[in-house]
Structures are given as structure tokens and as C-alpha cells.
Amino acid sequence: MLGALVVLAAAGGAAAYLFLRGTTADLLERIPADADAVAVVSLDPSASQKLNIARIADEFHGIGGGDDGVGERLERWGDEVLDGTGLGSDDVTSWLGVELAVATDVVDGTPHTAVIADVADRDGAERMLAKLGVPGAAWDGVEWTERDHLGVTLSIPSRREGEVPAYAFDDDAIILASHVEMLERVIDTHRDTLPSISSSASFQEAEASLPDGRVLFAFIDTASLHDEIDDALAAEAVTSVGGLGDLSAVKGIGISVSAESDGIALDVVSAYDAANLTGALRDQVTAPDGENPLLGSIPADAWGVAAARHFQYGLEEAARELERADPAVASDLEAMGLTGPEGLLGLLGGDMAIALMPDDTTTVGGALLLTVDDEDAARAAAETLAEGLSDTMRSGGGGRLRWEERTHADGTRISVLRDGSVAYAVRDDVLVVGTSVEQVIDVLDVRSDGSITVDPAFVRGIEGVPTTDGVFYVDVARIVNSIHDALPPEERDDFDRDLGPDLRKIRSVAFGVDMDQARQRFRMFVAIPEQGEIT
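Residues numbered from 1 in each chain as written. Predicted model: local features only at pLDDT ≥ 70, side-chain atom pairs only at ≥ 80, totals over all residues. Heavy atoms only, no water.

Draft legend 1. View of the overall build of the chain. A count of helical and extended segments in the chain gives 17 helices and 20 strands. Buried residues in the chain amount to 45% of all 535 residues. Within the chain, contacts between residues at least 6 apart in sequence are counted, and of these 63% link residues at least 24 apart. Looking at the chain as shown, the accessible area adds up to about 25200 Å², and 54% of this sits on carbon and sulfur atoms. (Helix = DSSP H or I, 4+ residues; strand = E, 2+ residues; numbered from the N terminus. Buried < 20%, exposed > 50% of the residue type's maximum accessible area, 1.4 Å probe, protein only. Contact = heavy atoms within 4.5 Å. Areas by Shrake-Rupley, 256 points an atom, 1.4 Å probe, with all protein chains shown as cover.)

Draft legend 2. Up close: the nonpolar core. Membership of the largest hydrophobic core comes to 32 residues, with the highest contact counts inside it found for Ile298, Leu369, Ile414 and Tyr473. Other than its neighbours up to four places away in sequence, Leu369 contacts Leu294, Ser297, Ile298, Asp351, Met352, Ala353, Val430, Leu431, Val432 and Val443. If you look at the next biggest cluster of nonpolar residues, it comprises 30 residues, including Leu28, Val186, Phe217 and Phe219. (Core = buried A, V, L, I, M, F, W, Y, C linked by side-chain atoms within 4.5 Å.)

Draft legend 3. View of the environment of Asp428. Looking at where Asp428 falls in the secondary structure, it is placed in the loop between β16 (423-427) and β17 (430-434). Taking relative accessible area as the criterion, Asp428 reaches 52% and is therefore assigned exposed. Residues Asp428 and Asp374, 54 residues apart in the sequence, show an inter-C-alpha distance of 8.2 Å.

Draft legend 4. Just the pairing of strand β8 (residues 216-220), in detail. For strand β1 (residues 37-42) and β8, the ladder comprises five bridges, and the chain directions are antiparallel. Bridging from a neighbouring strand, Val40 pairs with Phe217 of β8. (Pairing = 2+ DSSP bridges.)

Draft legend 5. Quick peek at helix α13 (residues 437-444). Those residues of α13 that fall on the buried side of the exposure criterion are Val437, Gln439, Val440, Val443 and Leu444. Down the axis, α13 shows its buried residues gathered within 160° of arc, on one side only. Next to the buried residues of α13 lie β12 (348-358), β13 (364-372), β14 (403-407), β15 (413-417), β16 and β17. (Arc of directions from axis to C-beta.)

Draft legend 6. The packing of helix α9 (residues 279-286) against helix α10 (residues 312-325), seen in detail. Orientation of α9 relative to α10, taken along the N-to-C sense of each, is 165°, at an axis distance of 9 Å. Of the possible angle classes, the one that applies to α9 and α10 is roughly antiparallel. Seen along the crossing, α9 lies across α10 with a hand that is right-handed. The residues of α10 that touch α9, namely those facing Gly279, Ala280, Asp283 and Gln284, are Tyr313, Gly314 and Glu317. Looking at side-chain class alone, the contact of α9 with α10 contains two nonpolar, three polar and two charged residues. (Axes fitted to C-alpha atoms, helices over the stretch in contact; angles between N-to-C directions. Parallel < 35°, antiparallel > 145°, perpendicular 65-115°, else oblique. Left-handed = near helix turned anticlockwise from the far one by under 90°. Nonpolar A, V, L, I, M, F, W, Y, C, P; charged D, E, K, R; others polar.)

So, in C-alpha cells, the structure goes:
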């Protein structure tokens, strides 16, 4: 029942975005500092958030406005969620105020959860509670006792804790809690006898890097959860090899969802202690930052790109793990040209990019780009690897891979499988592996003034997205247009009618990561073109 109320309250809030109902209720100030996780939904965000949400909703067919718009859909969905409880969606949304918060604390392995809702109409909230107790409703037959806690009346159910929540009205908020102790701690925090989660150092570190304008905010106190896990393992006399590993370095994770003028953003910030990181991850966070130079070699008409820096640390660690698990693997990897003094892994510069590009109008291919430290040595290692793959396939019963060599206009040697399915080349400090020789040539022919880095759609799509450690970008508009153009004329009308209207409302999807010695920031951004913008 507690979960159903949370879901419906959030849905009701989504339907209320266009109504000015007040200001923030500061429900975070009621959450105890030792809570393991908290989420807050703003049911009355800032004016700019309201306008952005309204514009985005109106862009999508059947969502914003109309006879069957967002309000009607959410109301039907809410009725379905509450089916069997004795409530309808109006019983919740009619009294809900400007904010909703959910907090959870794991105590001796059992989650204690509280839902705190700002109350705009106390009479409406009390009518909802009364309806829950009528014959056939969710709380039918529950007996209640009342007692005072710091001047607040607690209503405590007779049933076992967790089945029916205890609740209380505390000033302008209602609290429903799975356990009475959690209910009391929320009240204690509001009365300043306990510190709130907003005063926690890990909370402040994670929250500080998130956008100010948010429609949803969440925080996970990972350090506290680590302690709970360790206590549980100790109680069961269980030990785990390596413990929690790098997870034990993470102090807290902050999450937010915000509406911007041209899209929706999801931000995740992890605060950690770099001194407690190990292996490849520690190497990555301490490595110098900078833009990935391979982005300048991705053709401007690529459908998408994924790029990362310092990825060689992870590959080297994975190879070491394989060798430790099976010592015989070490000689196999070296014979194939991957490891050893002349192996490809040891020659990698650390930058990687994968370009998604059409091979023709009906098939999709791409190219893998890797920076290398020594062109000649990398070429030799790539040839050894290619021959090693050929020998592996032949020993497995397949045919031997036949490679041919071509020369590009600038003198670069390109090795191509006889069937044309794979090609590779090394030029300057970049190894390029493509799904066809044409893909390799497209990369070799790119100049910085014609790369994806100057494509207007790419520039807009990654604006505000961190790219120093990793970035992923998909040009949805370009893919949709390509699919449309590849369809037979008789199928294009069906595509435009059934899928086109909504797909064309998304210009691009991008996410990126940057890391330093204090935190990792991740952002995903879905770009929504403005009305009338041609995509």
C-alpha cells in the first residue's frame, strides 16, 4: 500500500506541473541524516521548469494536450495502481501539495521507509485515510492506537509493521512510515533534535555538482550502505574475497532529472575517496584530463559515436585477470599479438572512438579508432593479430582468413579481408578498423574542419554533457531520415504516420562522463527540437 501511494502521488504531481501551487516545502530538512537513500519530487518546480516541461510534452503526439492528454492518461493509470485499495487517483491528488519525499534506512537488514508529502488540503488527506478503512478497502479491520511524540499524534496500526504504515500529520506534511521508529525519527529531525540529511558531508558533496533546476532529486548514502553490508556479513560469519572493492571508496551518489529549454537531462554525481580506489579505476581518475583527439577523425555524417579516454588501463587489467585465472592464456595472448613486449595492448595510447556509419543505404557499419604510440610497431602488432585470428578460425574448423593489401591515395596501406567485411590501417598515431574498406577510407579522409566536432547537431547535442573521459552520441534525426529514405515509396507513408511523428521529436541522445580525484559526473541529455525546427 505504501508503494502504491508513492507511485500515484508522483504521477499526480506530473499532472499538476502547469499549476502554480506554492513554493518548495523543504522536505529534505525532515529526512534524518543517517537515512541510506532519499528521493524528492518537486510537484511545483520553477517557472522555467514548468515552461520547459509543457513545451516538451506538447511536442509528442498524444501526450500533451488534446482529448486524451497527459492528465487523462495519468488519472487512468493511477486508478489502475490503486485498484483494490478503495481509493481513486483523485483521493490522492486532490490534497497533495508541492513536494513529495521518500526516505529509506536499512536497519539490521530490514528497510525502514517513510513517505512524506506536503499537504495542501488537510481535510482531503483525512478523507483519504478514512476511505482506506471502510469495509473492503486496504485498511479494513485494522485497529489503531494513538500516542504523542513531541506534540505530534502518532496513529499506529495493530497489524505487523510493514503491512500497514503508521502515520502522523506534522504541521503541513503527512508522514506514512513502515516502522514507528522511522516515523519518530522524521518528526525528531523536523523538531531539530536530529540532524537532517542535508547537513551530511557526503550529501553536500554529491548534491553540489547537480543542476539547480530539478523536477526530481535523489541521494544514496553508499558509505552507510557499505556499513550495513559489512555488518550483515559479520553477523552471518561470511567473508567475501576482496570485499566491496572500489565500491567502498564511493561516499555518496546524487541523481537529478531536469527539463531544459531544448531537452531533458539526467545527471548522476558520485563522490568518492580516490585514495581508496584500486587498479584500473584509480589509474583512470588520476590520469590527466583532455578532449579525445579521435573525435576530430569521425566523419561529420556519422550516425553516432562512442569515445573514451584512458581505456587501456581496463584492457590491461582484464588481460592480467585472464592470465591469473588460466596461465596458459598468457602465451596465447602474446602469440596473437595482444600482449608481450611487441603486443598491441602495450602500444595503445589510451584514446578510443567507435563511429556508427552506414555502409550503404541498407546496411550499417562503422569503424573503431585507437591511438597508438608507435605507428610501425602498431602496424606489425595488428598484422600479427590478424594472422592469429585467421589461425584460430582455421583450427576451429573454419576457413583461413585471406587478407589483401591496398594503398590509399596518401600512401597509407590498408589491409582488407578478401570478402571485404573487415579492413584496417595505421596512419600517424591512429589504428583504424572498419567494417569495410570504405569506412576506413572515410576516416582517413576526414579533416578537422569536416569532422563530427563541427557538425551543428553534434555541437548542440553534447552541449553541457561532459566529454573528457567518455561520450556517447546518437543522431536520432539523421537515422530516422536515413531509414525513411531507404524504405520503398509505398512504405514511407506508413512510417511517417505511425512512427515518424514521435521519432522526429528527438533530435539526438547523448551521455558523457568526466572523472577527477573527488567525483565522477555523468549526464544523459535527450535533445528535443523546438517546434518548427527541421530535423
